[in-house]
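Secondary and tertiary structure notes
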Amino acid sequence: MKSILLRGGRVIDPANRIDGTFDVLAIDGKIVSVAPRGASAAPDGAAIVDAGRCWVVPGLIDVHVHLRDPGFPRKETIQTGLRAAAAGGFTAVAAMANTKPVNDSPEITGYMLDRAREARTARLVPVSAVTRNLEGRENVDYRAMAKAGARLFSDDGMPVDDENVLARAMREIAALGYAISLHEEDRGLSCNGAVNAGTVAARLGVTAYPNIAEAARVRRDLALAQETGAAVHIAHVSTRESLDLVREARRRGAHVTCEVTPHHMALDESAVLRWGPNAKMNPPLRAAHDVAALHDAIADGLIDIIATDHAPHDPESKHLGQLAGFFDTREAAPRLPAHAAGLFADCANGVVGLETSLGLAMDLVHRSLIGAPRLVEMMSLNPARLLRIDAGTLTAGAPADITVIDPNFDWTVEPERFRSKSRNTPFAGVRLLGKAILTIVDGEIVYDGRSGDE
Ligand SMILES: [Zn+2]
């Protein structure tokens, strides 16, 4: 019988309103007790960890990652993606459906779960597509997907344009008891824009992606949610207008939750001038006033979840070679010549995030925007609730998925050391305070960063 005793850490378990110094004992993959220091006797042979000066929290969960498997092993595989997750403190991640083939069948869901089991690290929670092949036309068999193991439904990467298809999806998914996660983009308004509509897009001479492209869809879909009674989750909210709509819908009683990414809260559009393709994503980094609105919405509890939208890409997909001459991380880029602006618009969207998410989120606590328990709610409890999985707490009997965080671990982001196969991050060289030093899944240590130089 394997067991582990975490001694004397600051245990933060918001579901049970616990925040204090305790010992946590897990036996055979289950939490046994959270007890005053020294009160629990460890069984013979137990691994004993001194967690003093650390936080001991229910395992972190990311509800929005792209693991590129099946289909794009040059960018990421389930194995490398889950190892990156564990190194970032995540015990479970929800893998989006825009793989190749798309996860719209129980066979692909089964493939993902099999690969994850073999990896023996963080858990994978499959996300089912909403529409067949993400084409927006034909509803997937949601019941079959849930039976195969899907716990969230999303066409992420693509919006669902057709209202009838979406309303039917909302009704059927709600009847099964699950939530639908929405990538909110009116493509008639985003026009394949490369950068937020504002001074940076104008300076670079690239196509602009306005706030209204997101907010118009949020407005439509919250009306549909109200009409259908469905639980909807707004993915990667990025604009002040979207936040206002979520606030208003919640007041009216809609079942709406939303997430923010670490990059949308940590950076504004000006980062594109230095980081170029590695700061290009969809939705784009927004104006400083939108970032301020995101911070306000984090502080007042409107935003439920921090999720990475981990989007690994190889240098070729980002056109890094061809655009290298225009972007220098030390100074702002000049206006791009037309061919470079075209290449920039064409380069793949997204950034990796699993290994930097916690460090960036810790900044919210260090700056007292939120307290540590709220951070744990946003990165563990609320994600578990969205996914309807038995996780996010340290309740006796729950799976022993635990993250040990050193809140003052001082480190610098070095992309070449990522477990992820990809390096597309705008945070290279950034100094962060706070890091997971132990990630425990099912009572087993799957990541150990205690030595500091792993
Ligand atoms: Zn998306």
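Everything below is about the structure printed above this text.
Residues numbered from 1 in each chain as written. Predicted model: local features only at pLDDT ≥ 70, side-chain atom pairs only at ≥ 80, totals over all residues. Heavy atoms only, no water.

Before going further, it helps to examine the coordination of the zinc ion. Coordination of the zinc ion by the protein comes from Asp156 (OD), His183 (ND1) and His236 (NE2), over a distance range of 2.1 to 2.3 Å. For the zinc ion, the single-chain donor residues occur in sequence as D-x26-H-x52-H. Here His183 is found in the loop between β10 (180-182) and α5 (187-190), whereas its partner His236 is found in the loop between β13 (231-234) and α8 (240-251), with 53 residues between them in sequence. For the pair His183 and His236, a shared accessibility class is recorded, and that class is buried. (Donors = N, O, S within 2.8 Å, 3.2 Å for Na, K, Ca; no water. Helix = DSSP H or I, 4+ residues; strand = E, 2+ residues; numbered from the N terminus. Buried < 20%, exposed > 50% of the residue type's maximum accessible area, 1.4 Å probe, protein only.)

In this section: the side chain of Ser190. Relative to the assigned elements, Ser190 resides in helix α5. For Ser190, a relative accessible area of 0% translates into the label buried. Beyond its immediate sequence surroundings of up to four residues, Ser190 is in contact with Glu185, Ala208, Tyr209, Pro210 and Ala213. (Contact = heavy atoms within 4.5 Å.)

Looking at chain direction, β13 and strand β14 (residues 255-260) are connected through 4 bridges and run parallel. For His233, the partnering residue across the bridge sits in β14 and is Thr257. A crossover connection joins β13 to the parallel β14 through α8; in handedness this β-α-β unit is right-handed. Inspection of the sheet shows β14 paired to strand β15 (residues 305-306) by 2 bridges, in the parallel sense. Looking across to β15, one finds that Val260 is bridged to Ile306. (Pairing = 2+ DSSP bridges. Right-handed = clockwise from strand over helix to strand, strands pointing away.)

Glancing now at the side chain of Thr99. If you trace the backbone, Thr99 turns up in the loop between β7 (90-95) and α2 (106-119). Those residues in contact with Thr99, other than ones at most four positions away along the chain, are Arg68, Asp69, Pro70, Phe72, Ile108 and Met112.

It is worth spelling out the pairing of strand β1 (residues 3-13) at this point. Burial analysis of β1 places 9 of its 11 residues in the buried class, which makes it a mostly covered element. Pairing of β1 with strand β2 (residues 18-27), which is carried by 9 bridges, proceeds in the antiparallel orientation. By the bridge assignment for β2, Val11 is matched with Gly20. The loop that links β1 with its antiparallel partner β2 comprises 4 residues; one of these, Arg17, has a positive phi angle of about 50°. As defined by bridge partners, β1 adjoins strand β4 (residues 47-50) across 4 bridges and the pair is classed as parallel. Note on β4: the bridge partner recorded for Leu6 is Val49. Examined bridge by bridge, β1 and strand β5 (residues 55-58) share 2 bridges and lie parallel to one another. By the bridge assignment for β5, Val11 is matched with Val56.

What the rule picks out here adds up to 3 aromatic pairs. For the pair Phe327 and Phe344, a centre-to-centre distance of 5.6 Å together with 35° between the ring planes defines the contact as tilted. Of the two residues, Phe327 is situated in the loop between α12 (320-323) and α13 (338-346) and Phe344 in helix α13; the sequence distance between them amounts to 17 residues. Each of the two residues, Phe327 as well as Phe344, counts as buried. Each residue in the set Tyr142, Phe153 and Tyr178 is aromatic and connected to the rest through ring pairs, giving one cluster. (Phe/Tyr/Trp six-rings, centres within 6.5 Å; stacked < 30°, edge-to-face > 60°.)

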